[in-house]
Amino acid sequence: MSHKLDWIETELNNLREQGLFNTIRALNSPQGAWLEVDGRRVLNLCSNNYLGLANHPRLKDAARAALDRLGIGPAAVRSIAGTTSLHLELERKLAEFKKVEAALTFQSGFNANIAVIPALVGKGDVIFSDQLNHASIIDGCRLSRADIVAYAHNDVDDLRRKIADTKEYGRRLIISDGVFSMDGDIAPLPELYAVAEEHDILLMVDDAHGEGVLGHGGRGIVDHFELHGKVDIEVGTMSKAFGVVGGMVAGKQLLIDWLKQRARPFLFSSAMTIPDTAACLEAVNLLAESTELVDRLWANAETFKNGMKALGFNTGATQTPIVPVMLGEAPLAQQFSRQLFEEGVFAMAIGFPTVPKGKARIRVMNSAAHSPADLETALAAFERVGKALGVI
Ligand SMILES: Cc1ncc(COP(=O)(O)O)c(C=O)c1O
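The residue count restarts for each chain, going from 1 along the sequence in the order it is written. Local features in this predicted model are restricted to residues of pLDDT 70 or higher, and side-chain atom pairs are both shown and tallied only at a pLDDT of 80 or more, whereas totals for entire chains, interfaces and linings draw on every residue. With hydrogens and water stripped out, all remaining heavy atoms of the structure feed into the side-chain values.

**Description of the site of the ligand**
How we decide: We call a residue near a given molecule or strand whenever any one of its heavy atoms falls within 4 Å of it. Here a polar contact means two N or O atoms within 3.5 Å. Within protein one must be a hydrogen donor candidate and the other an acceptor candidate, and residues neighboring in sequence count only if both atoms are side-chain atoms. Note on areas: these come from Shrake-Rupley sampling with a 1.4 Å probe, and a residue is covered only by the protein chains present in the view. Strands are runs of DSSP state E lasting at least 2 residues, helices are runs of H or I lasting at least 4, and numbering of each runs from the N terminus. The nonpolar class holds Ala, Val, Leu, Ile, Met, Phe, Trp, Tyr, Cys and Pro. Asp, Glu, Lys and Arg form the charged class, and all remaining residues, Gly among them, are polar.
Near the ligand lie 13 residues; those nearest to it are Gly109, Phe110, Asp206, Thr237 and Lys240. Between Gly109 and the ligand, the recorded distance is 2.7 Å, taken from a backbone N or O atom to an oxygen atom. Starting from 390 Å² of accessible surface for the ligand in isolation, the protein chains cover 83%. Per element, the largest residue contribution to the shell around the ligand is three residues, and it comes from helix H5 (residues 109-120). Looking at side-chain class alone, the shell around the ligand contains two nonpolar, eight polar and three charged residues.

**Side note on the sheet that holds strand S2 (residues 40-44)**
Our working definition: The pairing criterion for strands is at least two bridges between them, as found by DSSP. It only takes one pair of heavy atoms within 4.5 Å for two residues to be counted as in contact. Where helices are involved, their axes are fitted lines through C-alpha atoms of the stretch in contact, as for all axes, and angles between N-to-C directions lie from 0 to 180°.
One open sheet holds the three strands; their spatial order is S1-S2-S11, and the pairing between them is mixed. Of all the strands in the sheet, the pair left with one neighbour each is strand S1 (34-37) and strand S11 (345-346). Summarising the sheet, S2 and S11 pair through two bridges and their orientation is parallel. Note on S11: the bridge partner recorded for Leu43 is Val345. Strand contacts of helix H15 (residues 372-388): S1, S2 and S11, with the helix running at about 95° to S2, the strand carrying the most contacts.

**A word on the packing of helix H13 (residues 292-311) against H15**
Heads up, the rule is: Here the word oblique covers every angle except those under 35 degrees (roughly parallel), over 145 (roughly antiparallel) and from 65 to 115 (roughly perpendicular). Each crossing gets its handedness from the near helix: less than a right angle anticlockwise from the far helix is left-handed, clockwise is right-handed.
The contact between H13 and H15 brings their axes to 10 Å, and the two run at 25°. Overall, the two elements H13 and H15 adopt an arrangement that is roughly parallel. Crossing hand, H13 versus H15: right-handed. Contacts from Asn300, Thr303, Phe304, Gly307, Met308 and Leu311 in H13 reach Leu375, Ala378, Leu379, Phe382 and Glu383 in H15. Of the residues in the contact of H13 with H15, the class split is seven nonpolar, three polar and one charged.

**Comments concerning a nonpolar patch on the surface**
Rule in force here: Only residues above 30% relative accessible area that lack a salt bridge enter a patch, with like-charged residues linked at up to 9 Å and the nonpolar side chains Val, Leu, Ile, Met, Phe, Trp and Tyr linked at up to 5 Å. Should a side-chain nitrogen of Lys or Arg be within 4 Å of a carboxyl oxygen of Asp or Glu, the pair is scored as a salt bridge.
A cluster of nonpolar side chains, Leu5, Trp7 and Ile8, forms an exposed patch at the surface whose accessible area comes to about 320 Å². Mapped onto the elements, Leu5 comes out in the segment before helix H1 (6-17).

**Overview of the domain arrangement of the chain**
Quite often, the size of an interface is put as the accessible area lost when its parts meet. To be explicit about the condition: These domain boundaries are the output of an automatic or database domain assignment. Defined here as a combined quantity, buried area equals the accessible surface (1.4 Å probe) lost by two parts on assembly, summed across both.
We note that the domain assignment places domain 1 (18-47 + 291-388) and domain 2 (57-289) within the chain. Regarding the contact of domain 1 and domain 2, the summed buried area is about 1300 Å², with carbon and sulfur atoms giving 66% of it. Applying the counting rule to domain 1 against domain 2 returns one salt bridge. Arg361 is the partner of Asp183 in a salt bridge, and the nearest nitrogen-oxygen pair spans 2.8 Å. Our enumeration of links across domain 1 and domain 2 arrives at seven residue pairs in polar contact (both at pLDDT 80 or more). Sorting the residues of the side of domain 1 that touches domain 2 by element identifies H13, strand S10 (322-328) and strand S13 (360-365) as the ones contributing at least two each. Top element by residues in the side of domain 1 that touches domain 2 is H13. It accounts for four residues. Among the residues making up the side of domain 1 that touches domain 2, the classes are represented as eleven nonpolar, five polar and two charged.

**Digging into the sheet that holds strand S12 (residues 348-350)**
The three strands are arranged S10-S13-S12 in an open sheet whose pairing can be described as antiparallel. The two strands at the open ends of the sheet, each matched to only one other strand, are S10 and S12. Taken over all neighbouring pairs, the strand axes of this sheet differ in orientation by 30° on average, direction set aside. Examined bridge by bridge, S10 and S13 share six bridges and lie antiparallel to one another.

**Examining unusual backbone geometry**
Residues apart from glycine generally show negative phi values, whereas peptide bonds are mostly found in trans. Look at the link from Phe352 to Pro353: it is a cis peptide, with omega at 10°. If you trace the backbone, Pro353 turns up in the loop between S12 and S13. With a phi close to 50°, Glu226 is a non-glycine residue in the positive phi region. In this structure, Glu226 sits in the loop between helix H9 (221-224) and strand S8 (233-237).

**Comments concerning the environment of Phe225**
Within the secondary structure, Phe225 sits in the loop between H9 and S8. For the pair Phe225 and Arg78, spaced 147 residues apart in sequence, the C-alpha separation works out to 34 Å. Ignoring sequence-local partners within four residues, the contact set of Phe225 consists of Ile186, Ala187, Leu189 and Pro190.

**Quick word on the pattern of salt bridges**
Quick reminder of the rule: Think of it in three bands: with a 1.4 Å probe and only protein chains considered, a residue is buried below 20% of the maximum accessible area for its type, exposed above 50%, and partly exposed in between.
Tallied over the entire structure, the rule returns 19 salt bridges. Two residues, Asp61 and Arg64, come together in a salt bridge whose shortest N-O distance is 2.8 Å. Of the two residues, Asp61 and Arg64 are both situated in helix H2 (residues 57-70); the distance of three residues between them amounts to about one turn of the helix. You can call Asp61 partly exposed: its relative accessible area is 45%.

**Things to note about the packing of helix H7 (residues 156-165) against helix H8 (residues 189-199)**
In the contact formed by H7 and H8, the axes pass within 10 Å of each other and the chain directions differ by 20°. Taken together, the axes of H7 and H8 are roughly parallel relative to one another. Two packed elements cross with a definite hand, and for H7 against H8 that hand is right-handed. Only Glu191, Leu192, Val195, Glu198 and His199 of H8 make contact with H7, whose side of the interface consists of Val156, Leu159, Arg160 and Ile163.

**Description of the pairing of S13**
The element S13 is largely enclosed, with a buried count of six among its six residues. Relative to S13, S12 runs antiparallel, the two sharing three bridges. Residue pairing in the sheet places Ile350 in a bridge with Arg361 of S13.

Here you go:
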């Protein structure tokens, strides 16, 4: 007899038949330059641990000390059970670091997006959204019930056309990722700002992959372009370069005051845990003290990119430590990834529908955690597999 969940079995089998079923590898080590994956020690070129903070002694010590002082969980949403001084201190430090009036933390970057977008626009309003924006931006836009107008990726002329073509709306909002995670290219924020200014439209950037990476000492895309005070809403995450977990919105005090009244993931979901919050605070302290880790990240990325180009690989349009190694068809990218793993190098293949058909790639995430010897190991493995598969 059939069961009401049988359709899931059918869908899962379809995914398996199409080679799209995602099997998640099990780790038995902290995040770092090397991982123990499915029982094997492999060089890690997959994770967003840009600065190597995910297992940093200072972050761990800070988390332990806070745990002893304040416990673990927040026990309710902040607006009901109160908020810890630790959360407030993190928000004050984040605002100082990013040179904005105020910041508000969320449980994740995903939540920050679904919090802030519906709090700012709704029915009768319009959002202009880069066509390659992250899923959490797309979901935030959908939740808002504003009309969504997608513009061609990083194409400011298309954005201008789309704005000119739209009829009268109430509030208007332009949203772009800061760094696009599949190609590693950077949004043309000064041009987006010019358009937003010209038309008096709110401007929001999601700097998930720019936080701790771009700008002086990792202060993000707004600092990179020296646009302080000009971007209305900065969304960020503490799950990538900061090495922990959690999201943030940074901007004017007015914006933050409003989010505390209206942002649903703030009002109806408990805050980041105490150890997470303390570790994030220590990450900001560390970045504010020295640019060393950010400098090392960029130097490593430069070495890797130059090495790959010298070997004859196509590294796409990247401007950041994210390096797409363009391979074309998805089966080749998957085969490449499997053979790299056999060589002791863990790097993910990414294909359709995450990227367009024919644009499958291995995405390499550089990190300050990698030593010069690690980079040589990576390049040598790419050379061997690239030659074996006839890519170079
Ligand atoms: C642009 C962008 N926004 C938001 C997120 C979500 O961040 P988090 O993992 O903190 O939810 C990501 C993570 O992949 C991202 O790339």
